[in-house]
Amino acid sequence: MTNHWVDIANSDVILVIGANPAENHPASFGHITDAIEKGGATLINVDPRFTRTSAKAHIYAPMRSGTDIAFIGAISKYVMEDMEANPGNYNMTYVREYTNAPYLLNPDFKGPAELDGVFSGLDTVARKYDKSTWTFQKDADGIPIRDMTMTDPNCVFQTLKRHWARYTPALASSVTGCPEAKIMEIAQTYAATGAPGKSGTIMYAMGTTQHTNGTQMIRSYAMLQLLLGNMGVTGGGINALRGESNVQGSTDHCILFHILPGYLKQPIDTDVDLAAHNLRATPTTNNPRSLNWWKNYPKYMASLLKAWYGDSATLGNDLGFNWLPKIDKGGNYSWIPLFKKMFEGDIKGLFVFGQNPAVCSPNAIQTRQAMAKLDWMVVAELWETETAAVWKRPGQDPSQSPVEVFLLPAACSYEKEGSVTNSGRWSQWRYKAVEPPGEAKHDLWIINQIMKRIQALYAAEGGPNSAAITNLTWDYGDDPDAREVAKEINGYDLTTGKLMNSFGGLKTDGTTTAGNWLYTNSYVEPEMEPDAPIPGNRASRRSLEDGPFNVGLTLKWAWCWPVNRRIIYNRCSVDLDGVPWDADKPVIKWDDVAKKWLGDVPDGGAPPQNQGGYNAFIMKPEGHAHIFGPGRADGPFPEHYEPWESPVDNLISGTQNDPTFTIWTGGLDVKGSRDQFPIVATTFRLVEHWQSGQMSRNLPWLVELMPEMYVEMSEELAAQKGIKSGDKVKVTSARASIEVAAMVTKRLRPLQVAGKSIHEVAMPWHWGYMGLSTGPSANELTPNAGDANTTIPEFKAFLVSVEKVSDGELPSTTDGRYEIIEPLVIQREEG
């Protein structure tokens, strides 16, 4: 995660995989177009469908959904072998000095090449690894031992080389369905970015993340980038195209169950006090060359507690630490288990803000059944959504649904003031454009009113751990001001009463506050940022002034965490003396006369490594990037596993699926067989609709543009099934059947996988039973199978059957309402 504008615009090669920015992220695609037209960049697109992004690509490669690791593994194999054969073509100093590639591993560690698809330590019953062999050899001082020649068979580099050796282009082709020649073309093209002075960026989205091993797919991208020296440099990085305009901001502020704001750790039941929590959460290192920035964790936690509990938080009561709710150690409170608990009757109430689980959830019919069993549900929305109407959904007798729904009219983003943080970590201030209609209120008002009433009830009646509620500093008045909340997030120096200017000043003694330490420096005293449209509010800045190197840093446009650093780990963009690898597009540069860094805000102000500075990856305990990553649940290296539902056996190993992800059973949680459901299915988004459709399907002009749910299929599959465009077809998985219109298209073609022809169909997932345009949701078909690390659902690869139901007609192109146009398919000449 770096900076989209700087990375995309300055890249020599842009690899888009698992994403369609031309349709779903058009602002980012504008930068891609600039890079191509102004900088001569090469665009590579890998996707099961030939999309609008594919139509602009110089190289397009088809790939079966869920096989990214096999594809990237073949590219990584080529790169590692070429690095040894032609080291002058790569930045070997970067790999040796900035990554853990030279680290010597525990000799007892074994990988999938030796253990047929799994790593040492697997408990097949618990579906969990004992990681005791996933360790490094250390010297007498406890510092990992490095072989700087990277030739020792136990070093990370050689171990990874053996790991990828199985991923030959021919085998990867048989797994992915991508032609072997195309894999080699992409490998050679992208490997060229490994030369000093060159750079490549990888852009991905939900097509990568939404798999049972989606985390490891992203890991494979990051590891390839580290081998090529593409992290921390201008034009490099891996750039996540977030699924919403503020996904980054909401994650920064702890929308996920396992983190607190600023990626602090959620307290668990064994954290008996603040000291125990800090001991568990704070990494340590014995390496004097490692800055280990997370050593400051106790300061950030103390300042967060002080922000939340104010005067009630004292050193005598651990700053209120034990008022915080704690989760069970190892407990999973993510999406799938949350709705599973509702289905089983263990959860009785639910707040839903700006989401529509009845459409966007996997196994959506079971999710609807789960919500209908609740005692109560509060929904804050612009319209009555499928979730708000779950008690009266088609097939449901309203009198038999126990849930009581409270629908609160909410304001949309243009009807309230506040900030959004984009995929590049830019926090940008938005102003209210118009007043919300009728009784609609903005989210801050709604949450504030609910919390004020909850506090009053606890104050009057008490209850278990009531102090956790009554001691909160909740002094926002009747209508909270977003600017005051932003100041609280930034934090204060309580000894002076002034806003903090850097998280470097946060303390453990309760004299500082920070609602999110990462955002400290975003809202400062007005005299420190007088020229901002809102003085002091750096997110409101709108200057296009560039930095000294004219690479597009625009340091005074909005504000970027942390401390306005535009490219994270930018110390990797220079050599050990502070000289940029790319003299034409530097991020930072050491001024040896002035003894300071020029350019972007550096990753710490210390001089270069050869002048006494620290290791480049300052957030990692050892200061080196993790090519070997022992923190993951399912392995320190990515390994290809087939999706939970797959039409073929795993050709890489004898281990079919990721051995550590949770398998859910009961209700509609059933697995489809390839015999009954032989066709791969995936889901995608349209430019005409947004997410689960609660906004776009209530706007007549967007409904007119894309009026009906449909399924895309290849001409070859349609011919087999006797289907033409416009026909009504039934798409069935092990969980449900839906009837939708067919779109027969050249965008999809059968792939040659494991010696046979595999068909894949694709469906947009925006529809439901409410709004101006209604239809079945594709997520009625998707399984409750989740990633082993995050439990993100596997929306992008599952099995279905497809059958014709009845003849149909395409919508008229002469009735003045709409016209279906097949996107232009560009056939590029070979060579």
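Chemist: Tell me about the overall build of the protein, and please be specific about residues and values.
Modeler: When you go through the protein residue by residue, the secondary structure sums to 23 helices and 27 strands. The globule rule puts the C-alpha radius of gyration for 831 residues at 28 Å, and the 27 Å found for the protein is close to it. Counting only C-alpha atoms, the protein reaches 75 × 75 × 55 Å along its principal axes. Put simply, the protein has 831 residues, and 57% of those count as buried. Within the protein, counting contacts between residues at least 6 apart in sequence, those at least 24 apart form 71% of the total. Only carbon and sulfur atoms are counted for the fraction: they give 54% of the accessible area of the protein, which is about 32600 Å².

Chemist: Mind laying out the packing of aromatic side chains, listing which residues take part and the relevant values?
Modeler: Counted according to the given criterion, the structure contains 28 aromatic pairs. Relative to Phe628, the ring of Phe109 lies with its centre 5.3 Å away and its plane at 85°, an arrangement referred to as edge-to-face. Taken together, the residues span a long stretch of sequence, with Phe109 in the loop between α6 (92-98) and α7 (112-115) and Phe628 in the loop between β19 (596-599) and β20 (679-684) at a distance of 519 residues. As far as the burial class goes, Phe109 and Phe628 line up, both buried. Residues Trp590 and Trp597 carry aromatic rings whose centres are separated by 5.1 Å and whose planes lie at 65° to one another, so their mutual orientation is edge-to-face. Accessibility classification places Trp590 together with Trp597 in one group, the buried group.

Chemist: Report on empty space enclosed by the protein, specifying residues and quantitative values.
Modeler: A full pass over the atoms with the stated rule returns five cavities of 30 Å³ or more. In this structure, the largest cavity spans a volume of roughly 350 Å³. Taken together, 24 residues form the lining of the largest cavity, with Gly18, Ala19, Asp47, Gly207 and Thr683 sitting closest to its centre. Of all the elements in the fold, those that place two or more residues in the lining of the largest cavity are α11 (206-209) and β20. The leading source of residues in the lining of the largest cavity is β20, at three residues. Looking at the lining of the largest cavity residue by residue, the classes come out as eight nonpolar, eleven polar and five charged. A volume near 130 Å³ is recorded for the second largest cavity. In the lining of the second largest cavity, the residues fall into seven nonpolar, eight polar and three charged.

Chemist: Which residues make up the pairing of strand β14 (residues 426-430), and what values go with them?
Modeler: Burial runs high along β14: four of the five residues are buried. Pairing geometry for strand β13 (residues 418-421) and β14, over four bridges, is antiparallel. Bridge assignment links Val420 to a residue of β14, and that residue is Gln428. In this antiparallel pair of consecutive strands, β13 and β14, the connection spans four residues, and Arg425 shows a positive phi of 75°. Sheet analysis places β14 next to strand β17 (residues 559-560), joined by two bridges and oriented antiparallel. Note on β17: the bridge partner recorded for Trp426 is Cys560.

Chemist: An account of a positive patch on the surface is needed here, citing residue identities and associated values.
Modeler: A surface patch of positive charge is lined by Lys128, Lys131, Lys329 and Arg632. By the secondary structure assignment, Lys329 is in the loop between α15 (297-309) and α16 (335-343). What makes Lys329 exposed here is its relative accessible area of 63%.

Chemist: Explain the nonpolar core to me, and be specific about the residues and the numbers.
Modeler: Membership of the largest hydrophobic core comes to 106 residues, with the highest contact counts inside it found for Val46, Phe71, Leu264, Met301 and Phe617. Considering each element in turn, this core owes the most residues, nine residues, to helix α5 (residues 68-85). Aside from chain neighbours lying at most four places away, what touches Met301 is Leu260, Leu264, Leu274, His277, Asn278, Phe321 and Leu324. Formed by 33 residues, the second largest nonpolar core is a distinct cluster that contains Phe684, Ala736, Met743 and Trp765.

Chemist: If you had to explain a nonpolar patch on the surface to someone new, which residues and values would you point to?
Modeler: A contiguous nonpolar patch, built from Leu382, Trp383, Trp690 and Met695 and spanning about 320 Å² of accessible area, is present on the exposed surface. Topologically, Trp383 is positioned in the loop between β11 (376-381) and β12 (404-409).

Chemist: How would you summarise the sheet that holds strand β6 (residues 200-204) if you had to cite specific residues and measurements?
Modeler: Spatial ordering of the open sheet is given by β3-β2-β1-β6-β7, a layout of five strands whose pairing is parallel. With partners counted over all chains shown, the strands left at the sheet margins are β3 (59-61) and β7 (238-240), one partner each. Between one strand axis and the next, the sheet turns through 15° on average, direction left out of account. Helix α10 (residues 180-191) contacts β1 (13-17), β2 (42-46), β3 and β6 of the sheet and is inclined by roughly 135° relative to β3.

Chemist: Provide a residue-level description of the sheet that holds β13, including the pertinent values.
Modeler: Strand order in the open sheet formed by three strands is β13-β14-β17, with antiparallel pairing between adjacent strands. The two strands at the open ends of the sheet, each matched to only one other strand, are β13 and β17.

Chemist: I'd like a description of the pairing of β6, backed by residues and values.
Modeler: Of all five residues in β6, five are buried, a share of seventy percent or more. The alternating pattern of β6 places Gly200, Ile202 and Tyr204 on one face and Thr201 and Met203 on the opposite face, and all of these are buried. Examined bridge by bridge, β1 and β6 share four bridges and lie parallel to one another. When the bridges of β6 are listed, Leu15 appears paired with Ile202. Of the pairings in the sheet, the one linking β6 to β7 comprises three bridges and is parallel in character. Counterpart to Met203 in the pairing with β7 is Asn239.

Chemist: Account for the pattern of salt bridges, naming residues and giving values.
Modeler: Counted by the stated rule, this structure contains 32 salt bridges. With a shortest N-O distance of 3.0 Å, Asp649 and Arg674 are connected by a salt bridge. Of the two residues, Asp649 sits in the loop between β19 and β20 while Arg674 sits in the loop between β19 and β20, which places them 25 residues apart along the sequence. Lys728 is the partner of Glu708 in a salt bridge, and the nearest nitrogen-oxygen pair spans 3.7 Å. With Glu708 in the loop between α22 (700-705) and β21 (710-714) and Lys728 in strand β22 (residues 728-732), the pair connects residues that are 20 residues apart, well separated along the chain. Within this structure, Lys724, Asp727, Lys804 and Asp807 form a network of salt bridges that share partners.

Scoring rules and cut-offs
Residues numbered from 1 in each chain as written. Predicted model: local features only at pLDDT ≥ 70, side-chain atom pairs only at ≥ 80, totals over all residues. Heavy atoms only, no water. Helix = DSSP H or I, 4+ residues; strand = E, 2+ residues; numbered from the N terminus. Rg over C-alpha atoms; globule rule 2.2 N^0.38 Å. Buried < 20%, exposed > 50% of the residue type's maximum accessible area, 1.4 Å probe, protein only. Contact = heavy atoms within 4.5 Å. Areas by Shrake-Rupley, 256 points an atom, 1.4 Å probe, with all protein chains shown as cover. Phe/Tyr/Trp six-rings, centres within 6.5 Å; stacked < 30°, edge-to-face > 60°. 1 Å grid on protein atoms, 1.4 Å probe; cavity = no way out; pocket = protein on both sides within 12 Å on 5 of 7 lines; lining within 4 Å. Points joined across faces, edges and corners; volume = space filled by probe spheres on them. Nonpolar A, V, L, I, M, F, W, Y, C, P; charged D, E, K, R; others polar. Pairing = 2+ DSSP bridges. Patch = residues over 30% accessible without salt bridge, like charges linked within 9 Å, V, L, I, M, F, W, Y side chains within 5 Å. Salt bridge = Lys/Arg side-chain N within 4 Å of Asp/Glu carboxyl O. Lys, Arg positive; Asp, Glu negative; His and termini not counted. Charge placed at Lys NZ, Arg CZ, Asp CG, Glu CD. Core = buried A, V, L, I, M, F, W, Y, C linked by side-chain atoms within 4.5 Å. Axes fitted to C-alpha atoms, helices over the stretch in contact; angles between N-to-C directions.

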